[in-house]
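Structural features, examined
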Amino acid sequence: MIEENKLKTTVTEKGKTLTVTLLGAIDHHQAAEARKKIDTALFKHRPERLILDLEGVDFMDSSGLGLILGRAALCEELGTSLVLRRPSPRVKKIFAVAGITRFSHIQTEE
Amino acid sequence: MNAKKLNELKVMLPAISINEGVARALVGAFCAQLNPTIEEIADLKCAVSEAVTNSIVHAYRGEGGPLYISVALYEERCVTVSVRDRGCGIPDVALARQPLFTTDKEGERSGMGFAVMETFTDSLRVHSRVGRGTTVTMKKRLL
């Protein structure tokens, strides 16, 4: 019952691309640690591209949206392009509530 | 609510962020007896998550306090969830309920909490008194 509310954040670097795979639930509690891991990696590697793989996100509330938008803002500051890869149905649902069908400066990859 | 109440759960949890997931799990487990669809229960848990997070982040400004969550199940597959805190209260509820509005200066709050609650439930009522606290009551009729 509690396991389902955890988030696993995996960071891999390949050339000038940083891929962050998020697995599990992104709520306010889990977002804090994910933010730290992603931002540490961003500042350390200064990649040209950051891919957030969202296929395995089985829960997300508006805190997760805050996490994504916050990373988008940071990427823009750093000159890193952001790609949201395979947003899960729950992720897409929150995007829809926020009225975000297409981000202006973020790519979405299915 | 004129329909007969069938079952009820009342819990008090400290308003700490680890309990966001606990609250979701409790509501999900309790509502399972109505055999909701996966989508329905996911939506309800998300709405609860938003309400609980609001209390933790905004009502108590991260300093903790008691959170009272009650879930009531009624005939005709109706669920009422209320999340109550004794935090700072909301001076202007209508303003707070506007999408993108947030009082959070430092964090990355999207200001979409109430919008999510409204979208994922059939009705949302917010009662608040400055200095006394806020109660959010959500109703959802399962298919």
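Residue indices begin from 1 for each chain and proceed along its sequence in written order. Each chain takes a letter, starting from A, and each ligand takes a number, starting from 1, following the order in which they are written. Per-residue local features are limited, in this predicted model, to residues with pLDDT of at least 70; the limit for side-chain atom pairs, both in listing and counting, is 80 or more; totals at the level of whole chains, interfaces and linings are taken over all residues. To obtain the side-chain values, all non-hydrogen atoms of the structure were included, while hydrogens and water were left out.

Let's shift gears to the overall build of chain A. Regarding its fold elements, chain A presents three helices and six strands. Strands here are runs of E lasting at least two residues and helices are runs of H or I lasting at least four, both read from the DSSP assignment and numbered beginning at the N terminus. Reading the helices (α) and strands (β) of chain A from amino to carboxyl end gives β-β-α-β-β-α-β-α-β. As defined in this context, the radius of gyration uses C-alpha atoms, and a globule is described by 2.2 Å times the residue total to the power 0.38. Expected size for 110 residues packed as a compact globule is a radius of gyration near 13 Å; at 13 Å, chain A falls within 12% of this value. Summarising its shape, the C-alpha atoms of chain A cover approximately 35 × 30 × 20 Å along the three principal directions. Expressed as a percentage of its 110 residues, the buried residues of chain A come to 51%. Contacts are assigned to residue pairs that have any heavy atoms within 4.5 Å of one another. Of the contacts formed within chain A by residues at least 6 apart in sequence, a portion of 70% connects residues at least 24 apart. For chain A, the exposed area adds up to about 5600 Å²; of that, 50% sits on carbon and sulfur atoms. The buried label applies to any residue whose accessible area, calculated with a 1.4 Å probe on protein chains only, is under 20% of its type's maximum; exposed applies above 50%, and partly exposed to all values in between. In short, Shrake-Rupley with a 1.4 Å probe defines the accessible areas, and a residue's cover is counted only from the protein chains shown.

With respect to burial, helix H4 (residues 113-120) of chain B is a largely interior element, six of its eight residues being buried. Those residues of H4(B) that fall on the buried side of the exposure criterion are B:Gly113, B:Phe114, B:Ala115, B:Val116, B:Met117 and B:Phe120. At its buried positions, H4(B) is contacted by helix H2 (62-78) and helix H3 (89-97) of chain A together with helix H2 (38-59), helix H3 (93-96), strand S4 (123-129) and strand S5 (133-141) of chain B.

Below, the discussion takes up the nonpolar core. Formed by 69 residues in total, the largest nonpolar core has its most connected members in A:Leu50, A:Leu52, A:Met60, B:Val71, B:Val79 and B:Met138. The dominant element in this core, judged by the number of residues it contributes, is H2(B), at nine residues. Discounting residues that sit within four places of it in the chain, A:Leu50 has contacts with A:Leu18, A:Val20, A:Ile38, A:Leu42, A:Cys75, A:Thr80, A:Ser81, A:Leu82 and A:Val83. Residues belong to one nonpolar core when they are buried, are Ala, Val, Leu, Ile, Met, Phe, Trp, Tyr or Cys, and are joined through side-chain atoms within 4.5 Å.

What follows is about the sheet that holds strand S1 (residues 5-14) of chain B. Pairing between the strands of a sheet comes from backbone hydrogen bonds, and it takes one of two forms, parallel or antiparallel. Residues and elements named next belong to chain B. By this definition, two strands are paired if DSSP reports at least two bridges between them. Spatially, the five strands line up as an open sheet ordered S1-S2-S3-S5-S4, and their pairing is antiparallel. Each of the sheet's edge strands pairs with one partner strand only, and the pair in question is S1 and S4. Ignoring which end each strand starts from, the neighbouring axes of this sheet average 10 degrees apart. Two strands pair when backbone bridges link them, and strand S2 (residues 66-74) and strand S3 (residues 78-85) are joined in this way by eight bridges, in the antiparallel orientation. Bridging across to S3, Tyr-68 finds its partner in Arg-84. The angle between two axes is taken between their N-to-C directions and runs from 0 to 180 degrees, where each axis is a line fitted to C-alpha atoms and a helix contributes only its stretch in contact. Across the sheet, helix H1 (residues 18-31) is in contact with S1, S2 and S3; its angle to S1 comes to roughly 170 degrees.

The next point concerns the packing of helix H1 (residues 28-45) of chain A against H2(A). All names here are of chain A. Between H1 and H2, the least distance of the axes is 9 Å, while the angle of their chain directions is 15 degrees. Put simply, H1 runs roughly parallel to H2. The handedness of the crossing between H1 and H2 comes out as right-handed. Only Ser-63, Leu-67, Arg-71, Leu-74, Cys-75 and Leu-78 of H2 make contact with H1, whose side of the interface consists of His-28, Ala-31, Ala-34, Arg-35, Ile-38, Asp-39, Leu-42 and Phe-43. Of the residues assigned to the contact of H1 with H2, the class counts are nine nonpolar, two polar and three charged. Note on terminology: angles under 35 degrees are roughly parallel, angles over 145 are roughly antiparallel, angles of 65 to 115 are roughly perpendicular, and the others are oblique. Left-handed describes a crossing whose near helix is turned anticlockwise from the far helix by less than a right angle; the clockwise case is right-handed. Amino acid classes used here: Ala, Val, Leu, Ile, Met, Phe, Trp, Tyr, Cys and Pro are nonpolar; Asp, Glu, Lys and Arg are charged; the rest, including Gly, are polar.

Assignment of secondary structure puts A:Gly66 in helix H2. A relative accessible area of 3% means that A:Gly66 is categorised as buried. Sequence separation of A:Gly66 and A:Asp27 is 39 residues, and the distance between their C-alpha atoms is 9.7 Å. Sequence-distant contacts of A:Gly66, that is, excluding residues within four places in its chain, are made with B:Glu108 and B:Ser110.

Turning to the interface of chain A and chain B, a few remarks are in order. Residue-level contacts link 24 residues of chain A with 27 residues of chain B. Summing both sides of the interface, chain A and chain B together bury roughly 2000 Å²; the carbon and sulfur share of this comes to 54%. Considering only the surface of chain A that becomes buried against chain B, A:His28, A:Arg90 and A:Val97 emerge as the three largest contributors, covering 27% of it. For the purposes of these results, a polar contact is taken to be a pair of N or O atoms within 3.5 Å, where, inside protein, one atom must be able to donate a hydrogen and its partner to accept one; residues adjacent in sequence count only when each atom of the pair is a side-chain atom. There are 13 residue pairs in polar contact (both at pLDDT 80 or more) connecting chain A and chain B. Of all the secondary structure elements, the ones that give two or more residues to the side of chain A that touches chain B are H1, strand S4 (57-60), H2 and H3 of chain A. By residue number, the principal contributor to the side of chain A that touches chain B is H2(A), which donates seven residues. Broken down by class, the residue content of the side of chain A that touches chain B amounts to 10 nonpolar, seven polar and seven charged. Each of two parts loses accessible area, computed with a 1.4 Å probe, when they are put together; buried area is these two losses added.

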